[in-house]
Amino acid sequence: MVSIFKFVASSLVKTVFSTAPVIALVLFISLGRSGAEGVKPPVITDKPDMTWFTDARLGIFIHWGIYSEGKGSESWAFHGGDMPYDVYTNQASTFTAAHYDPEQWAQLFKAAGARYAVLTSKHHDGFALWDTAQSRFNAKDFSPAGRDLVGPYCAALRANGLKVGLYFSHLDWSHPDYASVLNEAGQSPSDRTNRFSYPQGPENPAAWQRFLAFHDAQLKEICERFRPDLLWFDGDWERSAAQWKMAGLRQLLKQWDPGVILNSRMQGYGDYQTPEQALPVIAPDGPWELCMTINDSWGYQQRDHNFKSVRQIVRLLTECASQGGNLLLDIGPRSDGTVTPEETQVLLGLGRWTHKSAEALYGTIAGIPKDYYYGPSLLSKDRSVLYLVCYDHPADGVYVKGIRNIIKRVSVVGGGELKSRRFMQALWANQPGILIVDLPEAAMDPDATIIKIELDGPLSLVGQQE
Ligand code: FHN
């Protein structure tokens, strides 16, 4: 088996990308995509209903591909020259998915408290996890896995009540027609010399059109076959919106998969922002999602044991949620499809907290400004319940300022009632003073404690319009 893969791997770039369907599609693409290309991204006015997404708060990102042998990074290993291309692609010979159990994945994600997941259907290396008809460089035709891996993932998520996300890299460093034009928006001189990204001689616009037809044909397959609830694009940076024909692509995706949510990596033609590996200090406008690794690597890396603690992940999750954002926490299964014990342990630990804190985490909205409470907070959608997040034991009690409402009840989410009192109230001056909540150390949660403040109606704060 390995010898077959060695042969195909070494002649990969030329032999596994069929051109017939692509030629037929070039006409379709040139006719089908009449969007006004080359202009600044418009204000997106046709956003889909994103309620499920903003209510979901936590998703699991899965980077799984031929790099999951764990010896080199996903796609970048060959792009940056750390690994020769044929050595990288020959990793396909160990991509067995022998113990791949999407039902087990879905149950683990559910146990973690995730409401959706996003699987790399195709990373920058061009290896597809589904049996695409557009190239043989896929799990069925080019690896011992020998089958479509995306369909079972979608079915298992849906059977467990999770929404389906698929990651798709616009750029494809393996496709012979990809490195055919420069970036209209400009590229760094060092990038320009990278043969996987840019032509090393004259540009070939016809090849670029062939690549777009291939790119769209794969997306059409994904949309019509798997009907993902969310498409998580990546790799838009090496070409301009006009070169990607993003305006037209957005319309095609909405035709192929009505209601699908698109992330921001469409050169401005997406539906929500995707900060990565860095918690935003100022929340992006609109819906957003922080994607981050559970250790330091997107894909499985044998040597990477630098896992974030559950407490750290809970802190990041609550920081995101308190500003109206989601957390997309990444794991990297091994080539055989197993999730490592370390990652399983972190996800189950996270699930202890998310299940205990569910009423505050899911289906709530961003909390109050830090002027009123020096920490993250969340609100029920009707604003009659305020949730305060505490990471460390406040010896003098929890202070929250400016609440005009009558306080009906204060308690710990997942715990008992708490005592509270007003301090420095000056009703003559229309000042409700400071609400002090006594929080016994014994009531603290090891990861994060949420205090629930039930009000007599929608929250009314000093200094804010009713
Ligand atoms: O280049 C990729 C990287 O490999 C990884 O997939 C991340 C995940 O968001 N996205 C790109 C880097 O921004």
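Along every chain, residues carry numbers that run from 1 in the direction the sequence is written. In view of the model being predicted, local features appear only for residues whose pLDDT reaches at least 70, and side-chain atom pairs are presented and counted only at 80 or more, with totals across whole chains, interfaces and linings using the full set of residues. Hydrogens and water molecules were not included; the side-chain quantities draw on all heavy atoms of the structure.

So, the overall build of the protein chain
Helix and strand labels come from DSSP, where a helix needs a run of H or I of at least four residues and a strand needs a run of E of at least two; each type is numbered from the N terminus. Looking only at helices and strands, the protein chain features 16 helices and 15 strands. In summary, the protein chain has a C-alpha radius of gyration of 25 Å against a globular reference of 23 Å for 466 residues, a match within 12%. Projected onto its principal axes, the C-alpha coordinates of the protein chain cover approximately 80 × 50 × 40 Å. Taken over 466 residues, the protein chain has a buried fraction of 58%. The criterion used for residue contact is that any of the two residues' heavy atoms lie within 4.5 Å. A separation threshold of at least 6 residues defines the contact pool for the protein chain, and within that pool the share at least 24 residues apart is 73%. Where accessible areas are quoted, they stem from the Shrake-Rupley method and a 1.4 Å probe; at the residue level, only the protein chains shown are allowed to cover. Accessible surface computed for the protein chain: about 18,600 Å², of which carbon and sulfur atoms make up 55%. Positive residues here are Lys and Arg, negative ones are Asp and Glu, while His and the chain termini are left out of the count. Every charge is mapped onto a representative atom, which is NZ of Lys, CZ of Arg, CG of Asp or CD of Glu. Computing the positive centroid from 44 side-chain charges and the negative centroid from 51, the protein chain places the two 2 Å apart. For the radius of gyration, the atom set is restricted to C-alpha positions; the globular benchmark scales as 2.2 Å times the number of residues to the power 0.38. Type-normalised accessible area, obtained with a 1.4 Å probe on protein chains alone, sets the label of each residue: buried when under 20%, exposed when over 50%, and partly exposed for intermediate values.

Comments concerning the site of the ligand
Residues in contact with the ligand amount to 14 residues; listed here are only the nearest, H63, E74, W76, H124 and D234. In this structure, an oxygen atom belonging to the ligand sits 3.4 Å away from a side-chain N or O atom of R265. One of the side-chain nitrogen or oxygen atoms of E276 is found 2.8 Å away from an oxygen atom of the ligand. In isolation the ligand exposes 330 Å². Once the protein is present, 89% of that is buried. Classification used: nonpolar for Ala, Val, Leu, Ile, Met, Phe, Trp, Tyr, Cys and Pro, charged for Asp, Glu, Lys and Arg, polar for all others including Gly. Across the shell around the ligand, the residue classes tally to seven nonpolar, three polar and four charged. Consider each residue's heavy atoms; a residue with any of them within 4 Å of a molecule or strand counts as near. Residues adjacent in sequence count toward polar contacts only when both atoms are side-chain atoms; beyond that, a polar contact is any pair of N or O atoms within 3.5 Å, and within protein one must be able to donate a hydrogen and the other to accept it.

Structural notes on the side chain of H123
Take H123: it is sitting in the loop between β2 (116-122) and α8 (139-142). Not counting residues within four places of it along the chain, the set of residues in contact with H123 comprises H63, Y67, E74, S75, Y167, S169 and L171.

What to know about the sheet that holds strand β13 (residues 420-423)
Two strands are said to pair when DSSP picks up at least two bridges between them. Here three strands make up an open sheet; going across it, the order is β11-β14-β13 and the pairing antiparallel. A single partner strand is all that each edge strand has here, and the edge strands are β11 (398-401) and β13. Ignoring which end each strand starts from, the neighbouring axes of this sheet average 25 degrees apart. Lines fitted to C-alpha atoms define the axes, with helix axes restricted to the stretch in contact, and inter-axis angles between N-to-C directions lie between 0 and 180 degrees.

Considerations on the domain arrangement of the protein chain
Per the annotation, domain bounds derive from an automatic or database assignment of domains. The domains assigned to the protein chain are domain 1 (2-356) and domain 2 (365-455). Of note, the centres of domain 1 and domain 2, computed from C-alpha atoms alone, are 40 Å apart. Domain 1 puts 16 residues into the contact, and the matching count from domain 2 is 17 residues. Note: buried area is the sum, over both parts, of the accessible area (probe 1.4 Å) each one loses when the two are combined. Taken together, the two surfaces of domain 1 and domain 2 that pack against each other cover about 1,400 Å², and 48% of this comes from carbon and sulfur. Considering only the surface of domain 1 that becomes buried against domain 2, R311, S322 and K356 emerge as the three largest contributors, covering 42% of it. The rule for a salt bridge is simple: a side-chain nitrogen of Lys or Arg has to be within 4 Å of a carboxyl oxygen of Asp or Glu. For the pair domain 1 and domain 2, the number of links is five salt bridges. One salt bridge in this structure joins R352 and D447, with 2.9 Å as the shortest N-O distance. Here domain 1 is connected to domain 2 by 12 residue pairs in polar contact (both at pLDDT 80 or more). Elements that contribute at least two residues to the side of domain 1 that touches domain 2 include exactly α4 (51-56), α14 (310-322) and α15 (341-356). With eight residues, the top contributor of residues to the side of domain 1 that touches domain 2 is α14.

Observations concerning the sheet that holds strand β5 (residues 261-262)
In space, the seven strands of this open sheet follow the order β5-β4-β3-β2-β1-β7-β6, with parallel pairing throughout. Of all the strands in the sheet, just β5 and β6 (288-293) have a single pairing partner and so form its edges. Relative to β2, strand β1 (residues 58-62) is paired through four bridges, and the arrangement is parallel. In the sheet register, F61 faces β2, and the bridge partner there is V118. Set on the sheet, α14 makes contact with β1, β6 and β7 (325-331); between it and β7 the angle comes to about 150 degrees. Of the strands in this sheet, β1 and β7 are in contact with α15, which crosses β7 at around 155 degrees.

Quick word on the packing of aromatic side chains
Each pair of aromatic rings taken from Phe, Tyr and Trp, with Trp reduced to its six-membered ring, is defined by centres within 6.5 Å and is described as stacked if the planes are under 30 degrees apart, edge-to-face if over 60, and tilted in the remaining cases. The final tally for this structure, using the stated rule, is 31 aromatic pairs. Judged by centre distance (6.2 Å) and plane angle (90 degrees), the ring pair of F78 and W173 falls under edge-to-face. In this pair, F78 sits in helix α5 (residues 76-79) while W173 sits in the loop between β3 (163-169) and α10 (189-192), placing the two residues 95 residues apart along the sequence. Note on accessibility: F78 and W173 belong to one class, buried. Measuring from centroid to centroid gives 6.3 Å for F168 and F233, while their planes differ by 85 degrees, and the two rings are edge-to-face. On the criterion of sequence distance, the pair formed by F168 in strand β3 and F233 in strand β4 (residues 230-234) is long-range, its members being 65 residues apart. Comparing F168 with F233, the two get one shared label, buried. Among the aromatic residues, those joined into a cluster by ring pairs are W64, F95, Y100, W105, F109, F127, F137 and F142. Sitting over the ring of Y178, R239 keeps its end group 4.3 Å from the ring centre. For a ring to carry a charge above it, either NZ of a lysine or CZ of an arginine must fall within 6 Å of the ring centroid while also lying within 35 degrees of the normal to the ring plane.

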